[in-house]
Amino acid sequence: MTNSPDTSLNRIAPELIDSFGRVHTSLRVSVTDACNIRCKYCMPENVAGFLPQNRLLKFDSIDRIVSVLVKAGINKVRLTGGEPLMRPNLWELIRRLSKIDGLLQIALTTNGMLLSDQIDRLVQSGLTHINVSLDTLREPAFQQISRREGLDLVLQGLRAAVTSPLNVRVNALLLRDINLQDCLPLVEFARELGVVIRFIEFMPLDANRSWSQSQVVPGSEVRQMVQQRFGRLIPSDSTDPSQPSRDYLFEDRVGGIGFISPVSEPFCSSCNRLRLTADGKFRNCLFGSQEWDVKCLLEPTDGSRPCTDQEILAIAKACVEKKHASHGISKSDFQPPDRAMYQIGG
Ligand code: SAM
Ligand code: SF4
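Nothing here was measured: the structure is a model prediction, and the numbers come from that model.

1. Some points on the pattern of salt bridges
Considering all chains together, one arrives at 19 salt bridges under this definition. For K317, the salt bridge is made with E15, and the minimal N-O distance between the two is 3.2 Å. Of this pair, K317 sits in helix α10 (residues 309-321) while E15 sits in the segment before β1 (26-30), placing them 302 residues apart in sequence. Using a relative accessible area of 25% as the deciding quantity, one classes K317 as partly exposed. With relative accessibility at 23%, the residue E15 sits in the partly exposed group. D279 serves as the salt-bridge partner of R339, at 3.1 Å between the closest nitrogen and oxygen. One end of the pair, R339, is in the loop between α10 and α11 (341-344); the other, D279, is in the loop between β10 (273-276) and β11 (281-283), with 60 residues separating them in the sequence. Under the relative-accessibility criterion, R339 is labelled buried at 17%. One connected set of salt bridges, linked through shared partners, spans R55, D279, K281, R283, E291 and R339.

2. So, the site of ligand 1
Y41, G82, T110, S133 and M203 are the nearest of the 19 residues found near ligand 1. Measuring from an oxygen atom of ligand 1, one finds a backbone N or O atom of T110 at 3.2 Å. Contact with the protein chains covers 95% of the free accessible surface of ligand 1, which is 540 Å². Those elements that place two or more of their residues in the shell around ligand 1 are β3 (105-110) and β5 (167-173). When the residues that make up the shell around ligand 1 are grouped by side-chain class, the tally is eight nonpolar, nine polar and two charged.

Rules used throughout
Residues numbered from 1 in each chain as written. Chains lettered and ligands numbered in written order. Predicted model: local features only at pLDDT ≥ 70, side-chain atom pairs only at ≥ 80, totals over all residues. Heavy atoms only, no water. Salt bridge = Lys/Arg side-chain N within 4 Å of Asp/Glu carboxyl O. Helix = DSSP H or I, 4+ residues; strand = E, 2+ residues; numbered from the N terminus. Buried < 20%, exposed > 50% of the residue type's maximum accessible area, 1.4 Å probe, protein only. Near = heavy atom within 4 Å. Polar contact = N/O pair within 3.5 Å; in protein donor to acceptor, adjacent residues only side chain to side chain. Areas by Shrake-Rupley, 256 points an atom, 1.4 Å probe, with all protein chains shown as cover. Nonpolar A, V, L, I, M, F, W, Y, C, P; charged D, E, K, R; others polar.

Structure, rendered in structure tokens:
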């Protein structure tokens with residue numbers, strides 16, 4: 001058996017459909033669990049260790065998986081982590097993905113620290129969209145949240161993104177006791193840059209298991225604060241029902257704002273996402289407890305034959321078929337997943 005692609009999978013037809021009829025078109029690929037900062041809503045202060053190089057899914061394998069899944073209906077890939085820009089030569093993976101027919105978007109979510117150095121190469125390689133995470137404009141608060149210095153680097157990276165051809169968004173996460181006061185300055189700043197800002201609610205995915213409802217700032221509360229300061233928010237016509245964000249325009253049409261509210265307003269019924277962890281496991285939900293190992297098929301260590309495209313698709317389909325109706329955060333018996341956000345891929 002060779003490693004060459006199966007010709008039987010040469011057309012695009014939605015095949016990643018779960019038992020509730022949700023069609024999966026978006027794949028989140030984590031390329032590393034390593035990170036250069038330690039956000040308290042995601043990572044522990046002291047990490048025992050990150051995955052060694054040989055446990056990370058190779059670029060060849062990611063490229064192959066994406067090629068197979070695009071033929072099954074995936075049209076958007078988001079690269080994430082950990083901090084994806086810490087994966088050496090990430091641009092090379094993007095270059096390969098950009099050659100896949102039918103893949104409409106290659107997006108990246110980053111903390112921005114390494115962005116200004118890499119942006120030119122990322123753009124040249126075919127990246128189309130970028131989300132930069134920014135929770136505050138105050139260095140002391142940045143250090144309190146991320147346990148590292150570096151707000152200047154993030155801002156430098158964000159400014160480089162804004163002057164690039166990429167579609168740019170800012171992701172902000174508010175913790176009630178730490179950076180609620182940053183909400184309006186962040187909105188003001190995003191409007192100055194002319195980019196959309198999205199507020200994401202704090203989810204029970206932190207490694208410290210310190211999540212508490214009292215720290216969550218509901219999207220509705222942020223929306224009210226923003227309307228009081230900036231005037232009426234107009235629901236955006238372009239809101240895609242499969243997108244988790246509820247997007248709005250400002251009356252003056254400068255910038256834009258969105259709210260991702262998985263805790264207060266779950267959007268599971270329209271979820272179209274499949275996830276691939278940095279160590280090569282499919283997951284059907286951030287909060288799922290089950291994973292489907294595809295690395296062992298693509299990179300066998302026991303001398304067994306390389307897998308076929310049909311086998312890759314079969315494991316992705318098995319994962320999607322087992323997806324639950326909802327994440328169940330608000331249920332009394334909810335158990336957070338074993339892995340934290342940086343280990344799954346945000
Ligand atoms: N390191 C990159 C970054 O921070 O943008 C990419 C990975 S990070 C896990 C992706 C996104 O997940 C970030 O925007 C971050 O704010 C968000 N995130 C991390 N932990 C979270 C949590 N417990 N609840 C909600 N969002 C979280
Ligand atoms: Fe790193 Fe992103 Fe997690 Fe922050 S949210 S610790 S930047 S992976």
